[in-house]
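Secondary and tertiary structure notes
If you want the building blocks of each chain, they are given just below.
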Amino acid sequence: MRDDPLFPVPVARALAGYRALRDAHGVCWGEPPLTYVVQAWTTVFLDNRYDFWGAALRVLAERRPGIPHDELGDHLGEVDADAVVRDALGGDVVDNLPALRLTPDGVTLEAMTRVVLDDRPSRTSLLLDSSRDEPVTVVVDGTAYEVPSRGAKVVETAESVTVDGLPVDLTPLRRRAPPAAVRVRAGFPCRWSVTGANGQGWYPEGAPRKVDALRRPYFHGDDLVVAVPAEPVTVTVARGMEYTSAEVVITPEAGAETLVELAPERLYDAAARGWYGGDLHVHLNWMGEEPTAPDLAAAAQHGEDLHVLNLVAGNVASGRVYDLEALAHWAGEDLPWSDDRHLARIGVEYRSDLVGHLTAFGLREPPQRCHTGFQGTADWPPNTVACEELRALGGVIGYGHPFHTAFGEDDPPGAVLGRGRNCSAREIVADAALGLVDTLDVLNHSSIEATAAVYRRLIGAGNRLAVTAGTDAVLSFCRRGTASSPPGWERVYANVAGPLTAESYAEAILLGRTFATTGPWLELTVNGHGPGDTLDLAAGQRAEIVVTSIGPEVERLEIRTAGGVLAQGPPGRLTASLVADEPTYVVAVATGPPHPRTLHGGGVYAHTSPVYVDVAGSPVAREPDVRWCLAWLDRLEELLREFGTFETEEQLGDHLEVYERAREVYRGRLA
């Protein structure tokens, strides 16, 4: 076997292994049933309209009445996931899960009928939903399944279903339409959606059936042929956040190919200003419906005009590290589809479900360790050890998907630290004080506002961290909310000096010359200086602040300092004056309601890194923020003692020693 530059032999072998896992175990590839593994399977069928968590937690609360509510999620692997999906749907039928209702009176098939272009059997998932008081056997494509009393089971079917010895009429599943074809062309790679009147997506041959967080089907490329029904279809084209979208409705002729030439218009051109947008947290493979080869990442990056793509190798719930072979093959190199405007690298997500997940961009070689604390192993060493190794290997290090719960500006640390085990960025308060972490993904798939509030506490306490963005998009998922959305739906823009390279982009991030966004352009200057700069002003000296935005989705601009909101106003341009009476920082924030250009459920958000304002040589170290960080470390120590897994007292002691070193730093700032 000869190496293909896009598909080298080690990567091809790994992908074959992932396909075998998928074929044997389904969407979760045989991973142990941690909370997010179970959730990954259920969200293939349940989008954000359905309360999976509520349905699951109700079951667990009845089963384990003595467990605190915020720890119930740790036991998600105990629930009957099929029944939870049924209960969360509440009688609804979704397009990829028809329901066979098994009632005392008989059988009813409910489905959103799919349009097909020929008579070949096509597979679909099927929910077997029983309201009978006794178990019932259902034979699906020759395989018998027992559905328990008032239970549920999700199966796959293509050809036949039999209940009580009688065949079920499957004609509601499909409706045949005369075939046609459309050729979509923009003149450059784009993101396309081709949908029928019923919302059904149509794709080029071989393309995965991907759906974004707003349930819109999509694929990437240019000059592509798509088989469609000879019925009205809507063709939409987009190209990432720097472009608008365009749409046309056509009725293609049966048996013919209809050309659709359509291109999105540019909204702003960041690279022309020296700014390059990147997504620092994207997985090629990490469970999912379709194990993914690198050419899909290439198509997505160019189709989204995403300047920088950081693919990360990482484990899920076991010791298997997905795409480690790709990391070993390409570490320290630009991936083969890179060009002067598009840079792709592969790094790692270092994962601890006790103290947080780190991502690294720009690694020269793989680290020796990629995770800790899974499958009952010790939560050791602390993340500081990983930070030191990743930095020695050339990595720019940041915490990803940091916080998952609502959190107010004045709430105590315990409100966001939570209980039990989860992947929140719990160790960041220590790692930031010790100078071992460079960034925080304020823009992420989870709670952006909570993360932003923690971020401002951290920089107010004297830590220098750049704002970054990581979507945690997973290219091997086709239907899982933001995980199956295209990479780059959030981006960190970095002001790069000279040509775009891994080194120049990393340097810009390390210097803090960044802002992160769900779509809008956001620019900040303080006396003409941008994010990452430090102004040393005399006491009482005045600074002039200017914030500008571009994007139809923005509703409000804010100028914030360590003391809170300094000014706010409508989008476009906002100015304010700051009198330097004490050391502070200045950041800009843009917000807005949910918008079609924004895939985060919380709405529109953009946040700059700070311009630091020293006064007479003294940097910001605001006492309330420093004491808040000290309280965080105290609460984190309690969490580790209660929920950590350690083989020796010395292993716990290594964590506590890190926290004490961080406390010394913060106490020094109080002095």
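To keep things clear, this report deals only with the structure shown in the data block. None of the values given here were measured: they were computed from a predicted structure.

**Looking at unusual backbone geometry**
With an omega dihedral of 5°, the bond running from Trp380 to Pro381 counts as a cis peptide bond. Looking at the secondary structure, you find Pro381 in the loop between strand 24 (371-372) and helix 7 (383-392). Positive phi, close to 55°, is recorded for Asp164, a residue that is not glycine. Note that Asp164 resides in the loop between strand 8 (161-163) and strand 9 (166-167). Although it is not a glycine, Met287 sits at a positive phi angle of roughly 65°.

**Some words on helix 7**
Within helix 7, burial applies to Asn383, Thr384, Ala386, Cys387 and Leu390. Projected down its long axis, helix 7 shows its buried positions confined to an angular sector of 155°, all on one face. Backbone geometry just after helix 7 places Gly394 at a positive phi near 95°.

**Focus: the nonpolar core**
In this structure, Phe361, Ile428, Leu458, Tyr505, Trp632, Tyr659 and Tyr666 are the most contacted members of the largest nonpolar core, which totals 102 residues. The element contributing the most residues to this core is helix 12 (residues 623-643), with 10 residues. Filtering out sequence-adjacent residues up to four positions away, Phe361 remains in contact with Leu280, Val308, Asn310, Leu343, Arg345, Gly394, Gly395, Val396, Ala502, Tyr505 and Ala506. Counting residues in each nonpolar core, the second largest holds 47 residues, with Ala40, Tyr50, Trp286 and Val316 among its members.

**Regarding the environment of Trp521**
In this fold, Trp521 is placed in strand 31 (residues 521-526). In the structure, Trp521 is positioned 162 residues away from Thr359 in sequence and 25 Å away in space, judged by C-alpha atoms. Once residues lying within four places of it in the same chain are set aside, the contact partners of Trp521 are Tyr268, Ala270, Arg273, Trp275, Phe515, Thr548, Ser549 and Ile550. Within the local environment of Trp521, its side chain forms a polar contact with the side chain of Glu523, the two groups lying 3.1 Å apart.

**Here we look at the pattern of salt bridges**
Tallied over the entire structure, the rule returns 51 salt bridges. Its salt-bridge partner being Asp164, residue Arg132 comes within 3.1 Å of it at the nearest N-O pair. Within this pair, whereas Arg132 is found in the loop between strand 4 (124-130) and strand 5 (136-140), its partner Asp164 is found in the loop between strand 8 and strand 9, the two being separated by 32 residues in sequence. We classify Arg132 as buried; its relative accessible area is 7%. Looking at Asp164, the relative accessible area reads 52%, which means it is exposed. Within this structure, Arg239, Glu242, Arg266, Asp269, Asp305 and Arg341 form a network of salt bridges that share partners.

**A closer look at the packing of aromatic side chains**
Taken as a whole and judged by the stated rule, the model has 18 aromatic pairs. When the ring of Trp275 is compared with that of Phe515, the centres are 5.4 Å apart and the planes differ by 55°; the resulting orientation is tilted. Within this pair, whereas Trp275 is found in strand 19 (residues 275-283), its partner Phe515 is found in strand 30 (residues 514-517), the two being separated by 240 residues in sequence. A residue is classified by how much of its surface remains accessible, and Trp275, at 8% relative accessible area, is buried. Look at Phe515 and you get buried, because its relative accessible area is 0%. Plain terms: the ring middles of Trp275 and Trp521 are 5.8 Å apart, the flat faces sit at 85° to each other, and that makes the pair edge-to-face. Remark: Trp521 occurs in strand 31 and Trp275 occurs in strand 19; sequence separation between them is 246 residues. The burial state of Trp275 is the same as that of Trp521; both residues are buried. The aromatic ring of Trp521 is capped on one face by Arg273, whose charged end is 4.6 Å from the ring centroid. If you follow Arg480 out to its NZ or CZ, it ends over the ring of Phe477, 5.4 Å from the centre.

**Side note on the sheet that holds strand 7 (residues 152-157)**
In spatial order, the strands read 2-1-4-7; together these 4 strands make up an open sheet with mixed pairing. Taken across any chain shown, the strands that pair with only one partner, and hence form the sheet edges, are strand 2 (106-110) and strand 7. Across the sheet, the axes of successive neighbouring strands diverge by a mean angle of 20°, strand direction being ignored. Pairing of strand 1 (residues 99-103) with strand 2 involves 5 bridges; the strand directions are antiparallel. Residue pairing for strand 2: Ala99 is matched across the bridge by Glu110. Together, strand 4 and strand 7 form the strand contacts of helix 4 (residues 81-89), whose direction differs from that of strand 7 by roughly 95°.

**Observations concerning the pairing of strand 4**
Strand 4 sits mainly inside the fold: 7 of its 7 residues count as buried. Two elements, strand 1 and strand 4, share 4 bridges in a ladder whose sense is parallel. Across the sheet, Arg101 pairs through a bridge with Asp129, a residue of strand 4. Looking at chain direction, strand 4 and strand 7 are connected through 6 bridges and run antiparallel. Looking across to strand 7, one finds that Leu128 is bridged to Lys153.

How each quantity is defined
Residues numbered from 1 in each chain as written. Predicted model: local features only at pLDDT ≥ 70, side-chain atom pairs only at ≥ 80, totals over all residues. Heavy atoms only, no water. Helix = DSSP H or I, 4+ residues; strand = E, 2+ residues; numbered from the N terminus. Buried < 20%, exposed > 50% of the residue type's maximum accessible area, 1.4 Å probe, protein only. Arc of directions from axis to C-beta. Core = buried A, V, L, I, M, F, W, Y, C linked by side-chain atoms within 4.5 Å. Contact = heavy atoms within 4.5 Å. Polar contact = N/O pair within 3.5 Å; in protein donor to acceptor, adjacent residues only side chain to side chain. Salt bridge = Lys/Arg side-chain N within 4 Å of Asp/Glu carboxyl O. Phe/Tyr/Trp six-rings, centres within 6.5 Å; stacked < 30°, edge-to-face > 60°. Lys NZ or Arg CZ within 6 Å of the ring centre and 35° of its normal. Pairing = 2+ DSSP bridges. Axes fitted to C-alpha atoms, helices over the stretch in contact; angles between N-to-C directions.

In short, the description is geometric, and any link to function would need to be established separately.
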